[in-house]
Amino acid sequence: PRTLSVQPTFRGSPVSLEVADADLRDLLEMLGQTGGLNVLMAPDVQGKVTLRVKDVPWDQLFDLLTRMYHLAYRVEGKVIVVAPPDRLQKMYTIDP
């Protein structure tokens, strides 16, 4: 298998969490609030999360969770929009 090495820069405040079977929507909302942002999610953003992290930038954890659940996001001012990639693309594509 091929491994893709991407080194984006994350600058969010560090968070430490330990959760079992937490609601993905609640977790994304909490992470957005940590960064001072509102989170708008498509109805099909769902799942259960079990994790333990220590001193991870909130935006890195947000990014990892969305990728793990095959979601995409876009930041617009003070709002993070989260949806499946095809839905997000349709939202920001203007049809002729």
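All values reported here derive from a predicted model rather than from experimental measurement. (Residues numbered from 1 in each chain as written. Predicted model: local features only at pLDDT ≥ 70, side-chain atom pairs only at ≥ 80, totals over all residues. Heavy atoms only, no water.)

Draft legend 1. Examining the overall build of the protein chain more closely. Broken down by element type, the protein chain carries three helices and five strands. Compactness check: the protein chain gives a C-alpha radius of gyration of 14 Å against a globular reference of 12 Å for 96 residues, within 12% of the reference. By its C-alpha atoms, the protein chain is 45 × 35 × 25 Å across when sized along the principal axes. Here the protein chain, with 96 residues, has 35% of them falling under the buried criterion. Within the protein chain, contacts between residues at least 6 apart in sequence are counted, and of these 58% link residues at least 24 apart. A total of about 6,700 Å² of accessible surface is found on the protein chain, and carbon and sulfur atoms cover 52% of it. Positive and negative side-chain charges in the protein chain, numbering 11 and 12 respectively, have mean positions lying 4 Å apart. (Helix = DSSP H or I, 4+ residues; strand = E, 2+ residues; numbered from the N terminus. Rg over C-alpha atoms; globule rule 2.2 N^0.38 Å. Buried < 20%, exposed > 50% of the residue type's maximum accessible area, 1.4 Å probe, protein only. Contact = heavy atoms within 4.5 Å. Areas by Shrake-Rupley, 256 points an atom, 1.4 Å probe, with all protein chains shown as cover. Lys, Arg positive; Asp, Glu negative; His and termini not counted. Charge placed at Lys NZ, Arg CZ, Asp CG, Glu CD.)

Draft legend 2. Highlighting unusual backbone geometry. For Asp21, which is not a glycine, the phi torsion comes out positive at approximately 55°. Along the polypeptide, Asp21 turns up in strand 1 (residues 14–23). For Asp21, a relative accessible area of 54% translates into the label exposed.

Draft legend 3. Main features of the sheet that holds strand 4 (residues 72–76). Taken in spatial order, the three strands of this open sheet run 2-5-4, and their pairing is mixed. What marks the edges here is a single partner per strand, and that holds for strand 2 (38–41) and strand 4. Sheet twist, expressed as the mean angle between neighbouring strand axes with direction ignored, is 20°. Of the strand pairs in this sheet, strand 4 and strand 5 (residues 79–83) are connected by five bridges, and their pairing is antiparallel. Bridge pairing in strand 5 links Ala72 to Ala83. Across the sheet, helix 2 (residues 58–68) is in contact with strand 2, strand 4 and strand 5; its angle to strand 5 comes to roughly 20°. (Pairing = 2+ DSSP bridges. Axes fitted to C-alpha atoms, helices over the stretch in contact; angles between N-to-C directions.)

Draft legend 4. Spotlight on helix 2. What helix 2 keeps buried is the set Trp58, Asp59, Leu61, Phe62, Asp63, Leu65 and Thr66. Following helix 2 by one or two positions, His70 has its phi on the positive side, about 55°.

Draft legend 5. Main features of the nonpolar core. Ranked by size, the top nonpolar core spans 26 residues in total, and within it Leu28, Val45, Leu51, Leu61, Phe62, Leu65 and Val82 carry the most contacts. Secondary-structure elements contributing two or more residues to this core are strand 1, helix 1 (24–34), strand 2, strand 3 (48–57), helix 2 and strand 5. Not counting residues within four places of it along the chain, the set of residues in contact with Leu28 comprises Val39, Met41, Val45, Phe62, Leu65, Thr66 and Val82. (Core = buried A, V, L, I, M, F, W, Y, C linked by side-chain atoms within 4.5 Å.)

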